[in-house]
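Here is how the chains run, residue by residue.
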Amino acid sequence: MHEMSICEGILQVIEDQAKAQQFARVKRVRLEIGPLAGVELEALTFSYDVVTKNSIAHESKLEVIELPVNGWCMPCAKQVSVAARYEPCPDCGSYQVEITGGDELRIKDMEVE
Ligand SMILES: [Zn+2]
């Protein structure tokens with residue numbers, strides 16, 4: 001499962017941070033995920049629990065912040081947020097929106113002790 005390796009990557013970051021900042025336990029991890037990242041949230045939460053078992057992040061809570069899809073609307077000549085890929089510009093209704101973001105997947109922050 002693709003989500004499993006994502007979670008292994010997250011845990012790796014957490015453990016590196018733990019070493020660098022010398023914390024012993026993680027209480028909460030907040031992830032920012034764009035709708036185009038291709039991540040199944042349910043599978044991600046499940047994988048997270050499996051991967052973090054017996055780790056420093058054991059019993060930590062995974063919170064997901066879903067980001068909008070960002071695009072550049074050509075007629076408006078500005079940055080807009082659209083609901084999904086191939087959706088029109090919310091301001092002018094044009095389909096000439098070039099997607100510039102939405103596939104993000106990153107740790108926003110974490111709560112540790
Ligand atoms: Zn527009």
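Nothing here was measured: the structure is a model prediction, and the numbers come from that model.

## Comments concerning the coordination of the zinc ion
Surrounding the zinc ion are the protein donor atoms Cys 73 (SG), Cys 76 (SG), Cys 89 (SG) and Cys 92 (SG), which sit 2.2 to 2.3 Å from the metal. Classification of the site at the zinc ion as tetrahedral follows from its 4 donor atoms and the range of 106 to 118 degrees in their angles at the metal. Read N to C, the donor residues that coordinate the zinc ion are spaced as C-x2-C-x12-C-x2-C. Note that Cys 76 is positioned in the loop between β3 (69–73) and β4 (78–82) and Cys 89 in the loop between β4 and β5 (97–99), a separation of 13 residues in sequence.

## Examining the packing of helix α1 (residues 2–21) against helix α2 (residues 41–52)
Remark: α1 packs on α2, axes separated minimally by 8 Å, with the N-to-C direction vectors making an angle of 50 degrees. Relative to α2, the element α1 is oriented oblique. In the crossing of α1 with α2, the sense of the turn from one axis to the other is right-handed. Contacts between α1 and α2 pair Glu 3, Met 4, Ile 6, Cys 7, Glu 8, Ile 10, Leu 11 and Ile 14 from the former with Ala 43, Leu 44, Ser 47, Tyr 48, Val 50, Val 51 and Thr 52 from the latter. For the contact of α1 with α2, the residue count by class is 11 nonpolar, 2 polar and 2 charged.

## Focus on the sheet that holds strand β1 (residues 26–33)
Taken in spatial order, the 3 strands line up as β2-β1-β6 in an open sheet, and their pairing is mixed. Here the strands that pair on one side only, and so sit at the sheet edges, are β2 (61–66) and β6 (105–112). Averaged over all adjacent pairs, the angle separating strand axes in this sheet is 20 degrees, with direction ignored. As paired elements, β1 and β6 share 7 bridges and run antiparallel to each other. Within β6, the position partnered with Arg 28 by the bridge is Glu 111. Contacts from α1 reach β1 and β6 within the one sheet, and its direction differs from that of β6 by about 45 degrees. Contacts between α2 and the sheet are confined to β1 and β2, with β2 contributing the most and set at about 155 degrees to the helix.

Cut-offs and rules
- Sequence order as written defines the numbering, with residues in each chain counted from 1.
- In keeping with the predicted nature of the model, local features appear solely for residues at pLDDT of at least 70, side-chain atom pairs appear and are counted solely at 80 or more, and the whole-chain, interface and lining totals rest on all residues.
- For side-chain calculations, the full set of non-hydrogen atoms in the structure is used, while hydrogens and water are omitted.
- Metal coordination here is assigned from N, O and S atoms located within 2.8 Å of the ion, or within 3.2 Å for Na, K and Ca; omission of water means that sites may look incomplete.
- Every angle between 85 and 135 degrees makes a four-donor site tetrahedral, while opposite donors more than 155 degrees apart, with all other angles between 65 and 115, make a four-donor site square planar and a six-donor site octahedral; other sites are irregular.
- Helical segments are the DSSP runs of H or I of at least four residues, strand segments are the runs of E of at least two, and each set is numbered from the N terminus.
- Working convention: axes come from line fits to C-alpha atoms, limited for helices to the stretch in contact. Angles between N-to-C directions cover 0 to 180 degrees.
- Any angle from 65 to 115 degrees is called roughly perpendicular, while one under 35 is roughly parallel, one over 145 is roughly antiparallel, and all others are oblique.
- Less than a right angle of anticlockwise turn of the near helix away from the far helix marks a crossing as left-handed, whereas a clockwise turn marks it as right-handed.
- Whether two residues are in contact is decided by their heavy atoms, any of which lying within 4.5 Å being enough.
- Ten residues, namely Ala, Val, Leu, Ile, Met, Phe, Trp, Tyr, Cys and Pro, are considered nonpolar, four, namely Asp, Glu, Lys and Arg, are considered charged, and the remaining ones, Gly among them, are considered polar.
- In this analysis, strands are considered paired if DSSP registers two or more bridges between them.

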